[in-house]
Amino acid sequence: MSTYPKSRLKKIIVPVILAAAGCLVLLQFINRPVIENPPVKGDFQAPQQVKAILKKACYDCHSDETNLLWFDKIAPVSWMVAEDVRKGREGLNFSEWAAMGKPEQAAKLWEAVNQIQAGAMPIKSYQIVHSGTKVSAAELAVLKNYLREMLHNQPSDTSKTNALDKQYGKWTEGAAEAPKTNLPVAPNGIEFIPDYKNWQVVTTSDRFDNNTMRVVFGNDIAIKAIRENHISPWPNGTIFAKVAWDKLTDKEGNVKTGAFKQVEYMIKEDKKYAATAGWGFARFKTPKMLPYGKTKMFATECVSCHRPMSKNDFVFTLPVKH
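Rules behind the numbers
- Residues numbered from 1 in each chain as written.
- Predicted model: local features only at pLDDT ≥ 70, side-chain atom pairs only at ≥ 80, totals over all residues.
- Heavy atoms only, no water.
- Helix = DSSP H or I, 4+ residues; strand = E, 2+ residues; numbered from the N terminus.
- Buried < 20%, exposed > 50% of the residue type's maximum accessible area, 1.4 Å probe, protein only.
- Contact = heavy atoms within 4.5 Å.
- Areas by Shrake-Rupley, 256 points an atom, 1.4 Å probe, with all protein chains shown as cover.
- pLDDT = per-residue confidence, 0-100.
- Core = buried A, V, L, I, M, F, W, Y, C linked by side-chain atoms within 4.5 Å.
- Phe/Tyr/Trp six-rings, centres within 6.5 Å; stacked < 30°, edge-to-face > 60°.
- Expected span 1.5 Å × (residues − 1).
- Salt bridge = Lys/Arg side-chain N within 4 Å of Asp/Glu carboxyl O.

**Notes on the overall build of the chain**
Phase 1 of the analysis: The helix and strand tally for the chain stands at 9 helices and 6 strands.
Phase 2 of the analysis: Looking at the chain as a whole, 37% of its 322 residues are labelled buried.
Phase 3 of the analysis: Expressed as a percentage of contacts within the chain between residues at least 6 apart in sequence, the contacts between residues at least 24 apart total 62%.
Phase 4 of the analysis: By element, 58% of the accessible surface of the chain is carried by carbon and sulfur atoms, the whole surface being about 20000 Å².

Below, the structure written as structure tokens:
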């Protein structure tokens, strides 16, 4: 058996390596992204231990103090890094923490801690090349304890009880009225789906950051997908309805639902909603079912929130098989 001459093999490999190196050099001058660190407007304030954990795990993408390592600046990696930082700052920027109201701060921190707990943050590719950024179980416990203390120190809001009484009064007064035939429509064209009340419950959640209780309902296609473990990706036609109420707690610690807040929909149609990760989003607020958002671009907020769960087809819900 004859062997390929080493000299000829070398003549092939060397030019290929040189060509690849040349292409890599050229990439550094093509559409080179610039990541700027503007002045910090109002940094996140917390105990040193809490801040240290978030700073090492989150600040490179979620603050104006991005620290780029040498390999982060080399194309094509630099392109991906720039996009991650842009999206990260849009979703949560710890350098602008002081500009947010207390409820928004609580909601953002609750979301951050839950995404860390779910393993969605920091993203795996970032952890691989940035050693030491993974949040340990002990560090996660520190963040969760701080979040609980932060929220428990907030005064109770008695207006929630008043809101329930007022809402109930309007329902009973309008019970004899004829039903409306025109359903509200979100800015992206998604119509309110009243039949969600007849769907099966997929899961529940307790948003203790804003004292709301939530129930996620799924249509027949969603329930069938859960039974058949066909949830990665979810099939077209899947619809989730997440309904939120105020959470009321009496002096004995009993919990019940308060005033209705909103219902949100996720509708899976990968081609129709390709621009928003294959999902159509809609939100209808208050008993009047007022559509959320001024233009159809509101859905980009939803995608940004769900992006860390891209490996789970952008769905946070982890259902229990029926």
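**Brief notes about the side chain of Gln105**
Phase 1 of the analysis: Its location among the elements puts Gln105 in helix 4 (residues 102-117).
Phase 2 of the analysis: If we skip the residues at most four places from it in the chain, Gln105 touches Trp97, Ala98, Met100 and Met150.

**Re the confidence of the model for the chain**
Phase 1 of the analysis: Within the chain, residue pLDDT values average 83, and 80% of them lie at 70 or more.
Phase 2 of the analysis: Mean pLDDT across the elements of the chain ranges from a minimum in helix 1 (residues 6-27), with 59, to a maximum in strand 5 (residues 279-285), with 97.

**Some remarks on the nonpolar core**
Phase 1 of the analysis: Formed by 36 residues in total, the largest nonpolar core has its most connected members in Tyr196, Phe240, Val263, Tyr265, Trp279 and Phe284.
Phase 2 of the analysis: Mapped by element, the contributors of at least two residues to this core are strand 2 (212-218), helix 8 (220-227), strand 3 (239-249), strand 4 (255-268), strand 5 and helix 9 (299-306).
Phase 3 of the analysis: The element best represented in this core is strand 4, accounting for 5 residues.
Phase 4 of the analysis: Excluding residues within four positions of it along the chain, Tyr196 makes contact with Phe217, Ala241, Val243, Phe260, Val263 and Tyr265.
Phase 5 of the analysis: In this structure, Tyr59, Ala106, Leu147 and Met150 belong to the second largest nonpolar core, which totals 24 residues.

**As for the packing of aromatic side chains**
Phase 1 of the analysis: Scanning the entire structure with this criterion turns up 13 aromatic pairs.
Phase 2 of the analysis: When the centroid spacing of 6.0 Å and the interplanar angle of 80 degrees are considered together, the rings of Tyr292 and Phe298 count as edge-to-face.
Phase 3 of the analysis: Taking relative accessible area as the criterion, Tyr292 reaches 25% and is therefore assigned partly exposed.
Phase 4 of the analysis: Aromatic rings pair up to connect Phe192, Tyr196, Phe217, Tyr265 and Phe284 into one cluster.

**With respect to helix 4**
Phase 1 of the analysis: Helix length check: helix 4 (16 residues) gives 22 Å between terminal C-alpha atoms against 22 Å at 1.5 Å per residue, within 8%.
Phase 2 of the analysis: Those residues of helix 4 that sit buried are Gln105, Ala106, Leu109, Trp110, Ala112, Val113, Gln115 and Ile116.
Phase 3 of the analysis: Directly after helix 4, the chain includes Gly119, whose backbone phi takes a positive value near 80 degrees.

**Some thoughts on the pattern of salt bridges**
Phase 1 of the analysis: All told, the structure shown has 14 salt bridges when counted by the stated rule.
Phase 2 of the analysis: Measuring nitrogen to oxygen at the nearest pair gives 3.7 Å for the salt bridge that ties Asp246 to Lys261. Of this pair, Asp246 sits in strand 3 while Lys261 sits in strand 4; the two residues are 15 residues apart in sequence, bridging distant segments of the chain.
Phase 3 of the analysis: A relative accessible area of 3% means that Asp246 is categorised as buried.
Phase 4 of the analysis: Among the charged side chains, a network of salt bridges with common partners joins Glu83, Arg86, Lys87 and Glu90.

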